[in-house]
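# Survey of secondary and tertiary structure
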Amino acid sequence: MSTNPTNSTENALAVERHGIEYIDEGQRHGDPRNQFSIRFSPVIYLAAIVLGGSAVPMGLGLSGSLTAILLGNLLGAICTAACAVMGPRLGLPQIPMGRSAFGYRGNHLPAALSSLLYLGYFTLGTILGAKSLAELFKLPFVPVMIGVVLASVLIAIFGYNLLHAFGRWVTRVSIVVLVVVSVLLVMHGPGAGAAARLDGTEYWLVWLLEFTIVFSYTMSWAPYASDYSRYLPRDTSRGKIFGYAFAGLFLSTTWMMALGAMLTTLGSQGGVIGAFELALPGPVLVVTLFTLGIAAIPHNSVNLYSGAMASLTWGFPLNRSATVALSGVLGAVLAVLFGGAAFEDAFHAFLFLVAYYVTPWLAIVCADYFWVHRGGRGYPPAAEFGRPDGQLGGIRWPGMAAFLLGILVSVPFMATDLFTGPIGRALNGADLSYFVSFLVAGGVYVLAARRVSGVAGERPAPRATSEHAD
Ligand SMILES: Nc1ccnc(=O)[nH]1
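Residues numbered from 1 in each chain as written. Predicted model: local features only at pLDDT ≥ 70, side-chain atom pairs only at ≥ 80, totals over all residues. Heavy atoms only, no water.

## Quick notes on the environment of Gly 64
With respect to the element layout, Gly 64 can be found in helix H3 (residues 61-84). Residue classification places Gly 64 among the buried residues on the basis of a relative accessible area of 1%. Non-local contacts of Gly 64, meaning those with residues more than four positions away in its chain, are made with Tyr 203 and Trp 207. (Helix = DSSP H or I, 4+ residues; strand = E, 2+ residues; numbered from the N terminus. Buried < 20%, exposed > 50% of the residue type's maximum accessible area, 1.4 Å probe, protein only. Contact = heavy atoms within 4.5 Å.)

In C-alpha coordinates:
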(Lines give C-alpha, C1' and ligand atoms only; values in the text may rest on other atoms or scores of the structure.)
Protein backbone atom coordinates (compact mmCIF):
# COMPACT_ATOMS: atom_id res chain seq x y z
CA MET A 1 0.00 0.00 0.00
CA SER A 2 3.02 2.24 -0.24
CA THR A 3 1.85 5.39 -2.01
CA ASN A 4 4.82 7.61 -1.50
CA PRO A 5 8.20 6.07 -2.17
CA THR A 6 10.10 9.15 -0.98
CA ASN A 7 8.91 8.47 2.54
CA SER A 8 9.92 4.84 2.59
CA THR A 9 13.66 5.54 2.61
CA GLU A 10 16.10 7.41 4.81
CA ASN A 11 16.33 10.23 2.20
CA ALA A 12 16.73 13.27 4.41
CA LEU A 13 16.32 15.77 1.59
CA ALA A 14 12.83 14.77 0.54
CA VAL A 15 10.13 16.83 2.21
CA GLU A 16 7.97 14.59 4.37
CA ARG A 17 4.46 14.30 2.99
CA HIS A 18 2.75 13.02 6.08
CA GLY A 19 0.97 14.85 8.83
CA ILE A 20 -0.52 12.95 11.74
CA GLU A 21 -2.11 10.08 9.86
CA TYR A 22 -1.17 6.39 10.08
CA ILE A 23 2.14 5.45 8.45
CA ASP A 24 1.44 2.29 6.50
CA GLU A 25 3.78 -0.68 6.54
CA GLY A 26 5.25 0.05 3.10
CA GLN A 27 6.69 3.33 4.31
CA ARG A 28 8.36 2.06 7.43
CA HIS A 29 12.13 2.33 7.61
CA GLY A 30 15.04 3.06 9.91
CA ASP A 31 16.95 1.42 12.71
CA PRO A 32 16.10 1.63 16.42
CA ARG A 33 19.56 3.10 17.04
CA ASN A 34 18.13 6.37 15.68
CA GLN A 35 16.25 6.65 18.97
CA PHE A 36 19.52 7.41 20.72
CA SER A 37 20.43 10.50 18.72
CA ILE A 38 16.90 11.85 18.39
CA ARG A 39 16.67 11.87 22.20
CA PHE A 40 20.26 13.01 22.79
CA SER A 41 20.55 15.97 20.39
CA PRO A 42 17.63 18.20 21.46
CA VAL A 43 18.92 18.32 25.05
CA ILE A 44 22.23 19.95 24.08
CA TYR A 45 21.34 23.60 24.74
CA LEU A 46 21.64 25.72 27.83
CA ALA A 47 18.41 24.84 29.65
CA ALA A 48 19.49 21.47 31.08
CA ILE A 49 22.86 22.89 32.19
CA VAL A 50 21.13 25.68 34.10
CA LEU A 51 18.59 23.31 35.70
CA GLY A 52 21.34 20.95 36.84
CA GLY A 53 22.87 23.72 38.90
CA SER A 54 19.61 25.06 40.40
CA ALA A 55 20.08 23.62 43.88
CA VAL A 56 23.79 24.40 44.32
CA PRO A 57 23.21 28.05 45.35
CA MET A 58 20.62 26.76 47.84
CA GLY A 59 23.32 24.74 49.57
CA LEU A 60 22.66 21.22 48.30
CA GLY A 61 26.26 20.76 47.21
CA LEU A 62 27.63 18.64 44.40
CA SER A 63 26.98 15.09 45.58
CA GLY A 64 23.36 15.81 46.54
CA SER A 65 22.79 17.52 43.20
CA LEU A 66 24.29 14.58 41.34
CA THR A 67 22.13 11.95 43.07
CA ALA A 68 18.99 14.04 42.44
CA ILE A 69 20.02 14.39 38.80
CA LEU A 70 20.65 10.67 38.41
CA LEU A 71 17.39 9.57 39.96
CA GLY A 72 15.21 12.26 38.35
CA ASN A 73 16.60 11.47 34.92
CA LEU A 74 16.30 7.72 35.45
CA LEU A 75 12.56 8.03 36.06
CA GLY A 76 12.03 10.74 33.43
CA ALA A 77 13.86 8.78 30.74
CA ILE A 78 11.92 5.59 31.56
CA CYS A 79 8.65 7.51 30.99
CA THR A 80 9.80 8.90 27.65
CA ALA A 81 11.31 5.63 26.41
CA ALA A 82 8.10 3.75 27.29
CA CYS A 83 6.20 6.17 25.03
CA ALA A 84 8.71 5.78 22.17
CA VAL A 85 7.88 2.05 22.07
CA MET A 86 4.29 2.85 21.01
CA GLY A 87 5.21 4.54 17.70
CA PRO A 88 6.01 1.57 15.46
CA ARG A 89 3.16 -0.47 16.89
CA LEU A 90 0.48 2.15 16.19
CA GLY A 91 2.17 4.03 13.33
CA LEU A 92 0.95 7.32 14.77
CA PRO A 93 2.51 10.35 16.44
CA GLN A 94 2.29 10.44 20.23
CA ILE A 95 -0.49 12.95 20.82
CA PRO A 96 -3.09 11.46 18.40
CA MET A 97 -2.72 8.14 20.23
CA GLY A 98 -4.52 9.75 23.15
CA ARG A 99 -7.75 9.54 21.13
CA SER A 100 -8.07 5.97 22.35
CA ALA A 101 -8.20 7.00 26.00
CA PHE A 102 -9.73 10.50 25.83
CA GLY A 103 -11.86 10.20 22.68
CA TYR A 104 -11.33 12.20 19.49
CA ARG A 105 -12.76 15.39 20.95
CA GLY A 106 -11.62 14.84 24.51
CA ASN A 107 -8.07 14.50 23.23
CA HIS A 108 -8.20 18.13 22.03
CA LEU A 109 -7.44 19.22 25.59
CA PRO A 110 -4.06 17.46 26.09
CA ALA A 111 -3.28 18.23 22.43
CA ALA A 112 -3.80 21.97 22.93
CA LEU A 113 -1.72 21.91 26.12
CA SER A 114 1.04 20.17 24.16
CA SER A 115 0.95 22.87 21.47
CA LEU A 116 1.40 25.46 24.20
CA LEU A 117 4.28 23.57 25.81
CA TYR A 118 6.11 23.05 22.52
CA LEU A 119 5.65 26.62 21.33
CA GLY A 120 6.95 27.76 24.71
CA TYR A 121 10.01 25.54 24.52
CA PHE A 122 10.62 26.61 20.93
CA THR A 123 10.64 30.23 22.07
CA LEU A 124 12.94 29.48 25.01
CA GLY A 125 15.37 27.53 22.80
CA THR A 126 15.32 30.35 20.26
CA ILE A 127 16.14 32.96 22.88
CA LEU A 128 18.91 30.91 24.54
CA GLY A 129 20.46 29.70 21.27
CA ALA A 130 20.40 33.11 19.59
CA LYS A 131 21.82 34.77 22.69
CA SER A 132 24.81 32.41 22.86
CA LEU A 133 25.56 32.91 19.17
CA ALA A 134 24.99 36.68 19.24
CA GLU A 135 27.31 37.08 22.25
CA LEU A 136 29.94 34.85 20.74
CA PHE A 137 30.09 36.68 17.43
CA LYS A 138 29.30 40.11 18.86
CA LEU A 139 26.25 40.41 16.65
CA PRO A 140 22.86 41.96 17.38
CA PHE A 141 20.27 39.56 18.81
CA VAL A 142 17.42 39.97 16.32
CA PRO A 143 19.17 39.00 13.06
CA VAL A 144 20.84 36.02 14.74
CA MET A 145 17.50 35.01 16.19
CA ILE A 146 15.85 35.20 12.78
CA GLY A 147 18.61 32.98 11.38
CA VAL A 148 18.03 30.42 14.15
CA VAL A 149 14.28 30.48 13.52
CA LEU A 150 14.66 30.09 9.75
CA ALA A 151 17.01 27.11 10.11
CA SER A 152 14.70 25.49 12.67
CA VAL A 153 11.62 26.00 10.50
CA LEU A 154 13.33 24.65 7.41
CA ILE A 155 14.51 21.46 9.11
CA ALA A 156 11.11 20.90 10.68
CA ILE A 157 9.41 21.33 7.29
CA PHE A 158 11.67 18.69 5.73
CA GLY A 159 10.53 16.62 8.64
CA TYR A 160 11.19 13.20 10.09
CA ASN A 161 14.21 12.03 8.07
CA LEU A 162 16.11 15.32 8.20
CA LEU A 163 15.41 15.69 11.91
CA HIS A 164 16.95 12.27 12.46
CA ALA A 165 19.93 12.98 10.18
CA PHE A 166 20.65 16.35 11.75
CA GLY A 167 20.21 14.86 15.22
CA ARG A 168 22.82 12.20 14.41
CA TRP A 169 25.41 14.83 13.47
CA VAL A 170 24.69 17.07 16.41
CA THR A 171 24.99 14.04 18.67
CA ARG A 172 28.40 13.06 17.29
CA VAL A 173 29.81 16.57 17.47
CA SER A 174 28.38 17.34 20.86
CA ILE A 175 29.69 14.11 22.40
CA VAL A 176 33.22 15.13 21.37
CA VAL A 177 32.73 18.64 22.78
CA LEU A 178 31.15 17.35 25.99
CA VAL A 179 34.02 14.90 26.57
CA VAL A 180 36.61 17.68 26.20
CA VAL A 181 34.64 20.09 28.41
CA SER A 182 34.13 17.41 31.06
CA VAL A 183 37.80 16.48 31.19
CA LEU A 184 38.84 20.13 31.49
CA LEU A 185 36.22 20.79 34.11
CA VAL A 186 37.27 17.81 36.20
CA MET A 187 40.90 18.90 35.90
CA HIS A 188 39.88 22.40 37.01
CA GLY A 189 38.06 20.87 39.95
CA PRO A 190 34.84 21.95 41.67
CA GLY A 191 34.48 25.24 43.52
CA ALA A 192 33.41 26.16 47.03
CA GLY A 193 29.75 25.43 46.26
CA ALA A 194 30.52 21.70 46.09
CA ALA A 195 30.21 21.30 49.85
CA ALA A 196 26.66 21.02 51.16
CA ARG A 197 25.63 23.86 53.46
CA LEU A 198 22.47 22.16 54.71
CA ASP A 199 21.71 19.14 56.81
CA GLY A 200 18.80 17.10 58.13
CA THR A 201 15.33 17.90 56.83
CA GLU A 202 16.43 21.08 55.08
CA TYR A 203 18.92 19.13 53.03
CA TRP A 204 16.36 16.55 51.96
CA LEU A 205 13.77 19.16 51.04
CA VAL A 206 16.21 20.88 48.72
CA TRP A 207 17.25 17.49 47.36
CA LEU A 208 13.59 16.76 46.64
CA LEU A 209 13.26 20.15 44.95
CA GLU A 210 16.17 19.42 42.60
CA PHE A 211 14.89 15.90 41.97
CA THR A 212 11.45 17.17 40.94
CA ILE A 213 12.94 19.88 38.69
CA VAL A 214 15.06 17.24 36.94
CA PHE A 215 12.24 14.74 36.66
CA SER A 216 9.81 17.34 35.29
CA TYR A 217 12.27 18.43 32.60
CA THR A 218 13.08 14.94 31.40
CA MET A 219 9.64 13.33 31.55
CA SER A 220 8.19 16.27 29.64
CA TRP A 221 9.89 14.84 26.54
CA ALA A 222 7.39 11.94 26.65
CA PRO A 223 4.61 13.57 24.59
CA TYR A 224 7.11 13.93 21.72
CA ALA A 225 8.37 10.36 21.80
CA SER A 226 6.49 8.38 19.13
CA ASP A 227 6.59 11.27 16.66
CA TYR A 228 10.17 10.11 16.03
CA SER A 229 9.67 6.35 16.15
CA ARG A 230 6.48 5.99 14.12
CA TYR A 231 8.23 5.19 10.83
CA LEU A 232 10.23 2.31 12.31
CA PRO A 233 9.15 -1.11 10.99
CA ARG A 234 6.30 -2.49 13.01
CA ASP A 235 8.24 -5.51 14.23
CA THR A 236 11.24 -3.50 15.44
CA SER A 237 12.41 -4.88 18.77
CA ARG A 238 10.61 -3.00 21.54
CA GLY A 239 13.50 -3.68 23.88
CA LYS A 240 15.86 -1.92 21.48
CA ILE A 241 13.57 1.07 20.99
CA PHE A 242 13.20 1.41 24.73
CA GLY A 243 16.90 0.89 25.36
CA TYR A 244 18.20 3.37 22.79
CA ALA A 245 15.61 6.04 23.63
CA PHE A 246 16.31 5.62 27.33
CA ALA A 247 20.09 5.72 26.86
CA GLY A 248 19.96 8.82 24.62
CA LEU A 249 17.80 10.83 26.96
CA PHE A 250 19.31 9.62 30.22
CA LEU A 251 22.87 10.21 29.05
CA SER A 252 22.29 13.66 27.56
CA THR A 253 20.23 15.04 30.44
CA THR A 254 22.48 13.56 33.13
CA TRP A 255 25.65 14.71 31.43
CA MET A 256 24.40 18.25 30.78
CA MET A 257 22.94 18.62 34.25
CA ALA A 258 26.02 17.21 35.97
CA LEU A 259 28.11 19.74 34.05
CA GLY A 260 25.68 22.44 35.17
CA ALA A 261 25.98 21.39 38.82
CA MET A 262 29.77 21.29 38.60
CA LEU A 263 29.94 24.69 36.88
CA THR A 264 27.60 26.26 39.40
CA THR A 265 29.86 25.19 42.29
CA LEU A 266 32.42 27.65 40.88
CA GLY A 267 30.12 30.44 42.07
CA SER A 268 30.66 32.68 39.05
CA GLN A 269 28.70 35.94 39.00
CA GLY A 270 28.01 35.41 35.32
CA GLY A 271 25.99 32.19 35.76
CA VAL A 272 26.99 29.05 33.88
CA ILE A 273 28.43 31.03 30.95
CA GLY A 274 30.64 32.92 33.39
CA ALA A 275 31.66 29.61 34.93
CA PHE A 276 32.56 28.21 31.50
CA GLU A 277 34.80 31.26 31.05
CA LEU A 278 36.55 30.47 34.34
CA ALA A 279 37.14 26.81 33.58
CA LEU A 280 37.80 26.59 29.83
CA PRO A 281 40.68 27.95 27.76
CA GLY A 282 39.62 30.47 25.07
CA PRO A 283 39.39 28.26 21.97
CA VAL A 284 37.52 25.49 23.82
CA LEU A 285 35.16 28.10 25.24
CA VAL A 286 34.37 29.39 21.76
CA VAL A 287 33.73 25.89 20.39
CA THR A 288 31.56 25.03 23.40
CA LEU A 289 29.39 28.14 23.19
CA PHE A 290 29.10 27.67 19.45
CA THR A 291 27.99 24.05 19.86
CA LEU A 292 25.44 24.95 22.53
CA GLY A 293 24.13 27.77 20.36
CA ILE A 294 23.89 25.73 17.17
CA ALA A 295 22.40 22.76 19.03
CA ALA A 296 19.45 24.95 19.93
CA ILE A 297 18.42 24.36 16.30
CA PRO A 298 17.65 20.61 16.54
CA HIS A 299 15.94 21.36 19.83
CA ASN A 300 13.81 24.01 18.18
CA SER A 301 13.04 21.94 15.09
CA VAL A 302 11.81 19.08 17.22
CA ASN A 303 9.53 21.46 19.11
CA LEU A 304 8.16 22.93 15.87
CA TYR A 305 7.64 19.50 14.34
CA SER A 306 5.97 17.95 17.37
CA GLY A 307 4.11 21.21 17.95
CA ALA A 308 2.60 20.88 14.47
CA MET A 309 1.63 17.26 15.24
CA ALA A 310 -0.15 18.42 18.39
CA SER A 311 -1.86 21.35 16.66
CA LEU A 312 -3.09 19.18 13.77
CA THR A 313 -4.51 16.82 16.40
CA TRP A 314 -6.79 19.48 17.89
CA GLY A 315 -7.90 20.52 14.44
CA PHE A 316 -5.63 23.39 13.42
CA PRO A 317 -6.83 24.06 9.86
CA LEU A 318 -3.51 24.19 7.94
CA ASN A 319 -1.17 21.46 6.73
CA ARG A 320 1.97 20.35 8.57
CA SER A 321 4.45 22.64 6.81
CA ALA A 322 2.27 25.73 7.09
CA THR A 323 1.68 24.99 10.77
CA VAL A 324 5.42 24.69 11.35
CA ALA A 325 6.08 27.99 9.53
CA LEU A 326 3.34 29.83 11.40
CA SER A 327 4.55 28.53 14.77
CA GLY A 328 8.06 29.66 13.84
CA VAL A 329 6.82 33.19 13.17
CA LEU A 330 4.83 33.22 16.40
CA GLY A 331 7.81 32.00 18.43
CA ALA A 332 10.06 34.60 16.79
CA VAL A 333 7.66 37.39 17.73
CA LEU A 334 7.50 36.10 21.31
CA ALA A 335 11.31 35.88 21.43
CA VAL A 336 11.66 39.51 20.30
CA LEU A 337 9.02 40.73 22.72
CA PHE A 338 10.24 38.78 25.73
CA GLY A 339 13.94 38.10 25.22
CA GLY A 340 15.04 39.85 28.44
CA ALA A 341 16.92 38.00 31.19
CA ALA A 342 14.22 38.24 33.88
CA PHE A 343 11.77 36.82 31.45
CA GLU A 344 13.67 33.58 31.01
CA ASP A 345 13.11 32.56 34.63
CA ALA A 346 9.44 33.46 34.50
CA PHE A 347 9.22 31.60 31.25
CA HIS A 348 10.70 28.48 32.70
CA ALA A 349 8.25 28.69 35.57
CA PHE A 350 5.46 28.93 33.01
CA LEU A 351 6.72 25.86 31.19
CA PHE A 352 6.88 23.90 34.43
CA LEU A 353 3.28 24.94 35.10
CA VAL A 354 2.14 23.75 31.68
CA ALA A 355 4.06 20.49 32.19
CA TYR A 356 1.65 19.54 35.00
CA TYR A 357 -0.61 17.98 32.44
CA VAL A 358 2.13 15.61 31.28
CA THR A 359 2.27 13.11 34.16
CA PRO A 360 -1.49 12.41 34.33
CA TRP A 361 -1.59 12.24 30.53
CA LEU A 362 1.39 9.87 30.61
CA ALA A 363 -0.17 7.60 33.23
CA ILE A 364 -3.38 7.34 31.21
CA VAL A 365 -1.74 6.82 27.82
CA CYS A 366 0.64 4.20 29.26
CA ALA A 367 -2.18 2.42 31.11
CA ASP A 368 -4.26 2.49 27.93
CA TYR A 369 -1.46 1.07 25.82
CA PHE A 370 0.28 -1.39 28.14
CA TRP A 371 -2.65 -2.51 30.27
CA VAL A 372 -6.04 -1.84 28.67
CA HIS A 373 -4.79 -2.79 25.21
CA ARG A 374 -2.24 -5.34 26.37
CA GLY A 375 0.91 -3.82 24.94
CA GLY A 376 -0.69 -2.27 21.89
CA ARG A 377 -2.74 -5.30 20.87
CA GLY A 378 -6.48 -4.93 20.52
CA TYR A 379 -6.65 -1.32 19.39
CA PRO A 380 -9.32 -0.56 16.82
CA PRO A 381 -8.06 -0.34 13.20
CA ALA A 382 -5.71 2.60 12.68
CA ALA A 383 -8.22 4.46 10.51
CA GLU A 384 -10.49 4.82 13.55
CA PHE A 385 -7.96 7.17 15.15
CA GLY A 386 -8.64 9.64 12.34
CA ARG A 387 -12.46 9.57 12.46
CA PRO A 388 -14.13 12.28 14.55
CA ASP A 389 -17.39 10.29 14.63
CA GLY A 390 -16.04 6.75 14.59
CA GLN A 391 -15.41 4.26 17.39
CA LEU A 392 -13.14 6.71 19.16
CA GLY A 393 -15.35 9.74 18.49
CA GLY A 394 -16.56 12.24 21.07
CA ILE A 395 -15.24 12.28 24.60
CA ARG A 396 -14.32 9.07 26.40
CA TRP A 397 -15.05 9.76 30.01
CA PRO A 398 -12.89 7.18 31.79
CA GLY A 399 -9.80 8.90 30.36
CA MET A 400 -11.15 12.44 30.62
CA ALA A 401 -12.32 12.05 34.21
CA ALA A 402 -9.05 10.40 35.25
CA PHE A 403 -7.10 13.24 33.62
CA LEU A 404 -9.08 16.03 35.28
CA LEU A 405 -9.18 14.28 38.64
CA GLY A 406 -5.45 13.58 38.55
CA ILE A 407 -4.71 17.27 37.99
CA LEU A 408 -7.27 18.45 40.56
CA VAL A 409 -6.06 16.20 43.37
CA SER A 410 -2.46 17.22 42.76
CA VAL A 411 -3.07 21.00 42.95
CA PRO A 412 -2.18 21.32 46.68
CA PHE A 413 1.15 19.61 45.98
CA MET A 414 2.16 21.93 43.15
CA ALA A 415 5.09 24.27 43.58
CA THR A 416 6.31 26.58 40.84
CA ASP A 417 7.22 30.24 40.90
CA LEU A 418 3.81 31.01 39.40
CA PHE A 419 1.69 28.89 41.69
CA THR A 420 2.35 27.04 44.93
CA GLY A 421 -0.22 24.92 46.76
CA PRO A 422 -0.20 24.52 50.59
CA ILE A 423 1.63 21.18 50.62
CA GLY A 424 4.17 22.42 48.07
CA ARG A 425 4.80 25.41 50.35
CA ALA A 426 5.15 23.20 53.42
CA LEU A 427 7.77 21.19 51.52
CA ASN A 428 9.74 24.36 50.69
CA GLY A 429 8.98 24.20 47.01
CA ALA A 430 9.58 20.47 46.49
CA ASP A 431 6.90 19.41 44.06
CA LEU A 432 5.28 16.03 44.59
CA SER A 433 2.30 16.88 42.38
CA TYR A 434 3.79 15.03 39.42
CA PHE A 435 3.72 11.75 41.31
CA VAL A 436 0.30 12.37 42.85
CA SER A 437 -1.31 13.18 39.51
CA PHE A 438 0.43 10.21 37.89
CA LEU A 439 -0.84 7.75 40.48
CA VAL A 440 -4.36 9.19 40.74
CA ALA A 441 -4.90 9.52 36.99
CA GLY A 442 -3.42 6.09 36.25
CA GLY A 443 -5.33 4.42 39.08
CA VAL A 444 -8.67 6.02 38.22
CA TYR A 445 -8.23 5.21 34.55
CA VAL A 446 -7.42 1.57 35.15
CA LEU A 447 -10.46 1.17 37.42
CA ALA A 448 -12.85 3.18 35.23
CA ALA A 449 -11.73 1.63 31.95
CA ARG A 450 -12.41 -1.80 33.37
CA ARG A 451 -15.97 -0.89 34.31
CA VAL A 452 -17.13 1.22 31.41
CA SER A 453 -18.14 -0.77 28.40
CA GLY A 454 -16.68 0.30 25.09
CA VAL A 455 -13.11 0.21 26.28
CA ALA A 456 -11.35 -2.45 24.32
CA GLY A 457 -9.46 -4.00 27.22
CA GLU A 458 -12.62 -5.65 28.46
CA ARG A 459 -13.33 -7.50 25.31
CA PRO A 460 -11.31 -9.92 23.28
CA ALA A 461 -9.89 -8.04 20.33
CA PRO A 462 -11.85 -8.63 17.15
CA ARG A 463 -9.89 -10.35 14.38
CA ALA A 464 -9.78 -7.38 12.04
CA THR A 465 -8.32 -5.34 14.84
CA SER A 466 -5.33 -7.57 15.38
CA GLU A 467 -4.31 -7.18 11.77
CA HIS A 468 -3.58 -3.55 12.28
CA ALA A 469 -2.63 -3.34 15.85
CA ASP A 470 -0.71 -6.51 16.39
N1 LIG B 1 10.84 18.72 27.86
C2 LIG B 1 11.38 19.57 27.02
C3 LIG B 1 10.75 19.86 25.86
C4 LIG B 1 11.32 20.73 25.02
N5 LIG B 1 12.48 21.29 25.31
C6 LIG B 1 13.11 21.02 26.43
O7 LIG B 1 14.19 21.57 26.70
N8 LIG B 1 12.55 20.16 27.27
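## Regarding the nonpolar core
Among the nonpolar cores identified, the biggest contains 136 residues, and Leu 117, Tyr 217, Phe 276 and Trp 361 are the most heavily contacted of them. Of the residues forming this core, the biggest block, 13 residues, is contributed by helix H7 (residues 108-137). The residues contacting Phe 276, other than those within four sequence positions of it, are Ile 49, Val 181, Leu 263, Leu 285, Thr 288, Leu 289 and Leu 292. One finds Ala 55, Leu 198, Trp 207 and Phe 211 within the second-largest nonpolar core, a separate group that totals 8 residues. (Core = buried A, V, L, I, M, F, W, Y, C linked by side-chain atoms within 4.5 Å.)

## Examining the packing of helix H11 (residues 238-264) against helix H12 (residues 271-279)
What describes two packed helices is the angle between their axes and the distance between those same axes. Where H11 contacts H12, the axes come no closer than 9 Å and their chain directions differ by 75°. The angle between H11 and H12 places the two elements in the roughly perpendicular class. In contact with Gly 260, Leu 263 and Thr 264 of H11, H12 contributes Val 272, Ala 275 and Phe 276. In terms of residue class, the contact of H11 with H12 is made up of 4 nonpolar, 2 polar and no charged. (Axes fitted to C-alpha atoms, helices over the stretch in contact; angles between N-to-C directions. Parallel < 35°, antiparallel > 145°, perpendicular 65-115°, else oblique. Nonpolar A, V, L, I, M, F, W, Y, C, P; charged D, E, K, R; others polar.)

## With respect to the state of the cysteines
Throughout this description, disulfide means a covalent bond between two cysteine sulfur atoms. Summed over all chains, the structure comprises 0 disulfides. Cys 366 supplies the cysteine sulfur nearest to Cys 79, a cysteine that is in no disulfide, at a spacing of 7.0 Å. Accessibility expressed as a relative area gives 14% for Cys 79, which makes it buried. Residue Cys 366 stays outside any disulfide, its sulfur separated by 4.4 Å from that of Cys 83, the closest cysteine. (Disulfide = S-S within 2.5 Å.)

## Quick look at the pattern of salt bridges
For the structure on display, the rule yields 4 salt bridges. Note that Glu 16 is salt-bridged to Arg 230, the shortest N-O span being 3.1 Å. Of this pair, Glu 16 sits in the segment before helix H1 (34-40) while Arg 230 sits in the loop between helix H10 (200-219) and H11, and the two are 214 residues apart along the sequence. Here the two residues Glu 16 and Arg 230 agree in accessibility, since each one is buried. Residue Arg 234 pairs with Glu 25 through a salt bridge whose shortest N-O separation is 3.7 Å. Here Arg 234 is found in the loop between H10 and H11, whereas its partner Glu 25 is found in the segment before H1, with 209 residues between them in sequence. Relative accessible area serves as the criterion here: at 10%, Arg 234 is assigned to the buried category. (Salt bridge = Lys/Arg side-chain N within 4 Å of Asp/Glu carboxyl O.)

## Brief notes about the side chain of Thr 323
Mapped onto the elements, Thr 323 comes out in helix H15 (residues 320-338). The exposure class assigned to Thr 323 is buried, which follows from its relative accessible area of 2%. Ignoring sequence-local partners within four residues, the contact set of Thr 323 consists of Ala 308, Ser 311, Leu 312, Phe 316 and Leu 318.

## Focus: the site of the ligand
Around the ligand, the surrounding shell consists of Tyr 45, Tyr 121, Tyr 217, Ser 220, Trp 221, Tyr 224, His 299 and Asn 303. The side chain of His 299 places a nitrogen or oxygen atom 2.6 Å from a nitrogen atom of the ligand. Per-class residue counts for the shell around the ligand are 5 nonpolar, 3 polar and no charged. (Near = heavy atom within 4 Å. Polar contact = N/O pair within 3.5 Å; in protein donor to acceptor, adjacent residues only side chain to side chain.)

## Focus: the packing of aromatic side chains
Tallied over the full model, the rule gives 21 aromatic pairs. Look at Phe 102 and Phe 403: their rings are 5.5 Å apart centre to centre, the planes differ by 65°, and that puts the pair in the edge-to-face class. Of this pair, Phe 102 sits in helix H6 (residues 99-102) while Phe 403 sits in helix H18 (residues 397-410), and the two are 301 residues apart along the sequence. Where Tyr 160 meets Tyr 231, the ring centres are 4.4 Å apart and the plane angle is 50°; that geometry is what we call tilted. In this pair, Tyr 160 sits in helix H9 (residues 160-188) while Tyr 231 sits in the loop between H10 and H11, placing the two residues 71 residues apart along the sequence. (Phe/Tyr/Trp six-rings, centres within 6.5 Å; stacked < 30°, edge-to-face > 60°.)

## Quick look at unusual backbone geometry
Here the phi dihedral of Lys 138 falls at roughly 55°; this positive angle occurs in a residue that is not glycine. Of note, Lys 138 is situated in the loop between H7 and helix H8 (141-158). Given the relative accessible area of 73%, Lys 138 is considered exposed. Phi is positive for Arg 374, which is not a glycine, with a value near 45°. Relative to the helices and strands, Arg 374 resides in the loop between helix H17 (358-372) and H18.

## Quick word on a nonpolar patch on the surface
The grouping of Leu 71, Leu 74, Leu 75 and Ile 78 at the surface amounts to a nonpolar patch, some 280 Å² of accessible area in total. Note that Ile 78 resides in helix H3. (Patch = residues over 30% accessible without salt bridge, like charges linked within 9 Å, V, L, I, M, F, W, Y side chains within 5 Å. Areas by Shrake-Rupley, 256 points an atom, 1.4 Å probe, with all protein chains shown as cover.)

## Considerations on the confidence of the model for the protein chain
Taken over all residues, the pLDDT of the protein chain has a mean of 90, while the share at 70 or more is 93%. Overall, residues 453-470 carries pLDDT values under 50, and its contacts beyond four positions in sequence, including any with other chains, amount to 40 contacts. The complex prediction reports pTM at 0.92, with the ipTM value standing at 0.95. (pLDDT = per-residue confidence, 0-100.)

## Side note on H15
For H15, which comprises 19 residues, the first-to-last C-alpha distance of 27 Å matches the rise-based estimate of 27 Å (1.5 Å per residue) to within 8%. Taken together, the buried positions of H15 are Arg 320, Thr 323, Val 324, Ser 327, Gly 328, Gly 331, Ala 332 and Ala 335. In this structure, the buried side of H15 is in contact with H7, H8 and helix H14 (296-313). Measuring from the side-chain oxygen of the N-cap residue of H15 to the backbone nitrogen of Ser 321 gives 3.3 Å; that N-cap residue is Asn 319. (Expected span 1.5 Å × (residues − 1).)

## Describing the side chain of Thr 218
For Thr 218, the location among the structural elements is in helix H10. Thr 218 sits in the buried class, given a relative accessible area of 0%. Setting aside its immediate chain neighbours within four residues, Thr 218 contacts Asn 73, Gly 76, Ala 77, Thr 80, Leu 249, Thr 253 and Met 257.

## Points about the packing of H10 against H11
Orientation of H10 relative to H11, taken along the N-to-C sense of each, is 140°, at an axis distance of 11 Å. It follows that H10 is oblique to H11 by the angle criterion. Crossing handedness for the pair H10 and H11: right-handed. Between H10 and H11, the residues in contact are Val 214, Tyr 217 and Thr 218 and Leu 249, Thr 253 and Met 257, respectively. Taken together, the residues of the contact of H10 with H11 break down into 4 nonpolar, 2 polar and no charged. (Left-handed = near helix turned anticlockwise from the far one by under 90°.)

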